[in-house]
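Now for the letters of each chain:
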Amino acid sequence: MSPLTRTIRVPRDAEKSGAAPAERVRPLDVALWCASQNWPVHPLAPGRKTPPANCATCRPQAHPVRECLCIERGGWCHGFHAATTKLARLSTWWEAQPAFGVGISCGPADLVVLDVDAHSAEVPSRSRLLPGIGIPEEVDLAGLASGFDTLALLAAFRQQTNPAEDDTTLRVRTPSGGLHVWYQALTSAERYRSSTGSSPKVALAWQVDVRATNGYIVAPATRTHAGTYTPVGAARLPAPLPEWLAAELQRTGHAVSATPAVRPPIPPPRRTGKTDSNTAHRLLAPLLAEVEGCAAATHGTSFTEKLNRAAYTAGGLVAAGHLSTHQACALLKAAADVARPHQSQRSLTVITSALSAGLSRPLHVKGRP
């Protein structure tokens, strides 16, 4: 049993109160354990959740990170860009400053961490709570106040387990009362951008940040002036990123891979009867019309949600044999390009993700009598 695994086993009462573990672990042990998981590690300033300052040479000089000689020589300048799994280098860093905290560069570690905030802030309009998803007026939002609420709302909307309650994966309570929910991308090809929950451009949910490529996360058991990052539950390692969350990250523009990552589709079942492709087209036509109708305005039309619904339906029709994948993609892309001609790549990401999800639920239709 590793020192970290032993030490961060937190009693139930401590989980509820947010108290630090009774037994403390050296930051170097935390760093070495993280490196053993193949997670590149970098220092955090003592007592803080931010990287230490650059060296005196780097501080006054603006220069590209890739050209920084400090990193090449084993320095810790430039935060997560200096992250490494080299045990000798980590030992040197923490021997020089034993009070350093531990940060993990999420991108190279293939980590996707949901940073759920509970900050006191003015709640935005319902159109910004779940970007791309229109929340009907009949949904009572009284009492909604934090990222815990919006993440639960998103999970309920998709009829999935709330990640904040996912006891199969590593979850870490933050000193401010928030929660880090850790997941592992299935392959290095699945790359996602980092984001903040308040971003008007790319966000998963209000007050839910995403830590992934070009981002870092504070390691569990790290102590700051505000308190300790304390694991909750029994899981000590990230579970694979759930398919529905991968689809949501694709839908909200977080995917950064050159080619959208598509998980292997479930083979469609064999059909024994005849199908009517004209009926399938008639079923899809009104959904495509809704997508094209978004051309009337550049914002506030729920374009992504409508495209997602059309693509998911098309996937079901493909799985049932009513349409070919090529036909479905062509119809969806044509409708999307009518509405949003300048974001073809992002539309294709939504189409690919939702179409793949729809393939798991064949949609059989019958022709007119």
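Definitions and limits used
Residues numbered from 1 in each chain as written. Predicted model: local features only at pLDDT ≥ 70, side-chain atom pairs only at ≥ 80, totals over all residues. Heavy atoms only, no water. Salt bridge = Lys/Arg side-chain N within 4 Å of Asp/Glu carboxyl O. Helix = DSSP H or I, 4+ residues; strand = E, 2+ residues; numbered from the N terminus. Buried < 20%, exposed > 50% of the residue type's maximum accessible area, 1.4 Å probe, protein only. Phe/Tyr/Trp six-rings, centres within 6.5 Å; stacked < 30°, edge-to-face > 60°. Lys NZ or Arg CZ within 6 Å of the ring centre and 35° of its normal. Axes fitted to C-alpha atoms, helices over the stretch in contact; angles between N-to-C directions. Parallel < 35°, antiparallel > 145°, perpendicular 65-115°, else oblique. Left-handed = near helix turned anticlockwise from the far one by under 90°. Contact = heavy atoms within 4.5 Å.

Another aspect to go through is the pattern of salt bridges. For the coordinates displayed, the defined rule picks out ten salt bridges. Residues Arg-158 and Glu-248 are paired through a salt bridge, measuring 2.6 Å at the closest nitrogen-oxygen approach. With Arg-158 in helix α6 (residues 147-158) and Glu-248 in helix α7 (residues 243-251), this pair connects stretches of sequence that are 90 residues apart. Its relative accessible area of 22% is what places Arg-158 among the partly exposed residues. Salt-bridge contacts for Arg-309 lead to Glu-305; the nearest nitrogen and oxygen are separated by 3.8 Å. Placement of the pair is Arg-309 and Glu-305 together in helix α9 (residues 303-319), with a separation of four residues, close to one helical turn. Relative accessible area serves as the criterion here: at 16%, Glu-305 is assigned to the buried category. Several salt bridges converge on common partners, so that one network encompasses Asp-115, Asp-209 and Arg-211.

Note on aromatic pairs: each is described by the distance of the centres and the angle between the planes. Scanning the model with the defined rule gives six aromatic pairs in all. Relative to Trp-94, the ring of Trp-93 has its centre 6.4 Å away and its plane inclined at 50°; by these criteria the two rings are tilted. Exposure remark for Trp-93: the relative accessible area of 1% places this residue in the buried category. Counting every residue linked through ring pairs, the aromatic cluster contains Trp-76, Trp-93, Trp-94 and Phe-100. Taking NZ or CZ as reference, Arg-340 lies 4.9 Å from the ring centre of Phe-303, over its face.

Quick look at the packing of helix α3 (residues 27-36) against helix α5 (residues 87-96) now. Axis separation between α3 and α5 bottoms out at 10 Å; the angle between their running directions is 160°. Here α3 lies roughly antiparallel to α5, going by the angle between them. Read as a crossing pair, α3 and α5 show a hand that is right-handed. The segment α3 lies against α5, with Pro-27, Leu-28, Ala-31, Leu-32 and Ala-35 engaging Leu-87, Leu-90, Ser-91 and Trp-94.

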